[in-house]
Amino acid sequence: MKKIKTTPLAPQEFEVEQISENEANIMAYPFETGYAISLAHPLRRFLLSSSVGYAPIAIKIEGAKHEFDSVRGMLEDISDFILNLKEIRFKLKDEASEAEISYSFAGPCTIKGADLGNDEVEVVTPDAPLATLNEDSNLNFVIKIAQGIGYVPSEDTHDELEDGYIALDAYFTPVRSATYKIENVLVEDNPNFERVILNIRTDGQISPLDAFKNSLEVMYAQLAVFNSEISIKATTTIERVEENPDLKKLVTHIDSLGLSARSFNCLDRSSIKLIGEIALMSQNDLKNVKNLGKKSYDEIVDKLQEFGFAVGADLADDVISALKKKIEAAQA
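Looking now at helix α3 (residues 208-223). Counting along an α-helix, one turn takes 3.6 residues, and residues three or four places apart therefore face a common direction. With 16 residues, α3 should cover 22 Å at 1.5 Å per step; its first-to-last C-alpha distance of 23 Å lies within 8% of that length. The complete set of buried residues in α3 reads P208, A211, F212, S215 and M219. In a view along the axis of α3, the buried residues occupy a sector of 100°, so they form one face of it. For α3, the exposed residues set more than 90 degrees away from the buried face come down to E217 and Y220. Along its buried surface, α3 packs onto β1 (13-20), β2 (23-31), α1 (35-50), β13 (175-187) and β14 (190-202).

Here you go:
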């Protein structure tokens, strides 16, 4: 009779694949069937709607009264200038939440994002074009930059603007795209478990991994309301000891030891699946495995030593704790 589960398997593996400075794949597995999309879809929504970024919220241009005006000697009219400005992505320094920055340019020149960086603001899209000035032309303007989330229309970015300023729609979100795909992954002999792969691409204001962390924080904060009246305790908690290289070896399946069929079958029939289970056993416990002879015992000890461990290995407490939870999850 197959063992009937009372709790779903908790995912144990988390990987980050850095594709470029502003793009990464976030992977987690294994999930029970249907669980991966239940996690991936809300995370994608939080990534796109709740990631904190910076954007211009207002601009004052000397000689321009409104967004349909023009400036003498500038190739672009004001509406094109504003559209170009929205494509330039800023990042305020010293964790400032708002800044008002003045600029002055004299032609002939081509102004790009890199020309707007200074002690107060960093520009993460340095090659983005802004304006082209003719000879004997001058361009003076002031930009208000603020921190926020999501999209905010121009009528909501200010309570009241000083004279001369043009309010701007603000697209704060630093996440340019967030997509996911679900793949099947083999767990022991069952191919019906799932892996979720989240692809995150940002504009450079924030790294993909930081954006992912922020979305998790927002998700936890939203769910915390239920804990105010209901005390919820997870039935299975997997402790991660990512920085310890021993743990990944210990949770490897015993077939990685390259044992003979007799030795492998003895362990398998005793429901010993992971190398870490052998490492946690005492020598007497291993000798008492059903039908395990001396020759098989010696082979297992030798193979385990080649793998870097001994029977009854002296492991760190946090590794032992995490390993035991992974063994429980594998046997569930």
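The next subject is the sheet that holds strand β3 (residues 52-61). The four strands lie next to each other as β5-β9-β3-β11, forming an open sheet whose pairing is antiparallel. Looking at strand neighbours, the two that pair on one side only are β5 (98-106) and β11 (165-167), the edges of this open sheet. Strand-to-strand twist across the sheet, computed as the mean angle between neighbouring axes with direction ignored, equals 30°. Relative to strand β9 (residues 138-149), β3 runs antiparallel, the two being bridged by nine bridges. Bridged to A58 within β9 is K144. Here helix α2 (residues 78-87) sits on the sheet and contacts β3, β9 and β11; the angle it forms with β3, its principal contact strand, is near 160°.

In this section: the pattern of salt bridges. The final tally for this structure, using the stated rule, is seven salt bridges. For E183, the salt bridge identified is with K181, shortest N-O distance 3.9 Å. The exposure class of E183 is partly exposed, given its relative accessible area of 27%. The network of salt bridges with shared partners includes E100, K144 and E162.

By the element assignment, D203 lies in the loop between β14 and α3. Within the local environment of D203, its side chain forms a polar contact with the side chain of R89, the two groups lying 2.6 Å apart. In this structure, D203 is in contact with N22, R89, V124, T125, T173, P174 and R176, ignoring residues within four places of it in sequence.

Looking now at the packing of aromatic side chains. Centre-to-centre distance and the angle between the planes together describe a pair of aromatic rings. A complete count under the given rule lists five aromatic pairs for this structure. Both rings, one in F105 and one in F141, keep their centres 6.1 Å apart while their planes meet at 20°; by these two values the pair is stacked. A residue pair is termed long-range when its members are at least 10 positions apart, and F105 in strand β5 and F141 in strand β9 qualify at 36 residues. An identical accessibility class is assigned to F105 and F141; each is buried. In textbook terms, an aromatic cluster arises when at least three aromatic residues are bridged by ring pairs, as seen for F81, Y103, F105 and F141. The ring of Y165 has K144 lying over it, and the distance from NZ or CZ to the ring centre is 4.8 Å. One residue, R195, lies across the ring of Y29, its end atom 5.1 Å from the ring centre.

Put simply, helix α5 (residues 261-269) and helix α8 (residues 294-306) touch, their axes get as near as 9 Å, and they point 90° apart. By the angle between their axes, α5 is roughly perpendicular relative to α8. Residue-level contacts link R262, S263 and L267 of α5 to S296, E299 and I300 of α8. In terms of residue class, the contact of α5 with α8 is made up of two nonpolar, two polar and two charged.

This part covers the packing of α1 against α3. Running from N to C, α1 and α3 cross one another at 110°; their axes reach a closest spacing of 9 Å. For the element pair α1 / α3, the angle class is roughly perpendicular. For the pair α1 and α3, contact is made by P42, L43, F46, L47 and S50 and by A211, F212, S215, L216, V218, M219 and Q222, respectively. Tallied by class, residues from the contact of α1 with α3 come to nine nonpolar, three polar and no charged.

Bridging between β5 and β9 involves nine bridges; their strand directions are antiparallel. Looking at the pairing, I101 lines up with I143 of β9.

Taken together, the side chains of L223, V225 and F226 make up a nonpolar region of the molecular surface, amounting to roughly 300 Å² of accessible area. Relative to the helices and strands, L223 resides in helix α3.

Our focus in this paragraph is the nonpolar core. The nonpolar side chains of a soluble globular protein tend to be buried with one another. Core analysis: the biggest nonpolar cluster contains 31 residues, and F90 and F141 have the highest contact counts within it. Looking at this core, the elements with two or more residues in it are β3, α2, β4 (90-92), β5, β7 (121-123), β8 (129-133) and β9. The contact partners of F90, leaving out residues within four places of it in the chain, are Y54, P56, L85, Y103, L116, V121, E122, V123, I143, I145 and Q205. Of all hydrophobic cores here, the second largest spans 29 residues; its members include L257, L259, L274 and V301.

Quick notes on the rules
Residues numbered from 1 in each chain as written. Predicted model: local features only at pLDDT ≥ 70, side-chain atom pairs only at ≥ 80, totals over all residues. Heavy atoms only, no water. Helix = DSSP H or I, 4+ residues; strand = E, 2+ residues; numbered from the N terminus. Expected span 1.5 Å × (residues − 1). Buried < 20%, exposed > 50% of the residue type's maximum accessible area, 1.4 Å probe, protein only. Arc of directions from axis to C-beta. Contact = heavy atoms within 4.5 Å. Pairing = 2+ DSSP bridges. Axes fitted to C-alpha atoms, helices over the stretch in contact; angles between N-to-C directions. Salt bridge = Lys/Arg side-chain N within 4 Å of Asp/Glu carboxyl O. Polar contact = N/O pair within 3.5 Å; in protein donor to acceptor, adjacent residues only side chain to side chain. Phe/Tyr/Trp six-rings, centres within 6.5 Å; stacked < 30°, edge-to-face > 60°. Lys NZ or Arg CZ within 6 Å of the ring centre and 35° of its normal. Parallel < 35°, antiparallel > 145°, perpendicular 65-115°, else oblique. Nonpolar A, V, L, I, M, F, W, Y, C, P; charged D, E, K, R; others polar. Patch = residues over 30% accessible without salt bridge, like charges linked within 9 Å, V, L, I, M, F, W, Y side chains within 5 Å. Areas by Shrake-Rupley, 256 points an atom, 1.4 Å probe, with all protein chains shown as cover. Core = buried A, V, L, I, M, F, W, Y, C linked by side-chain atoms within 4.5 Å.

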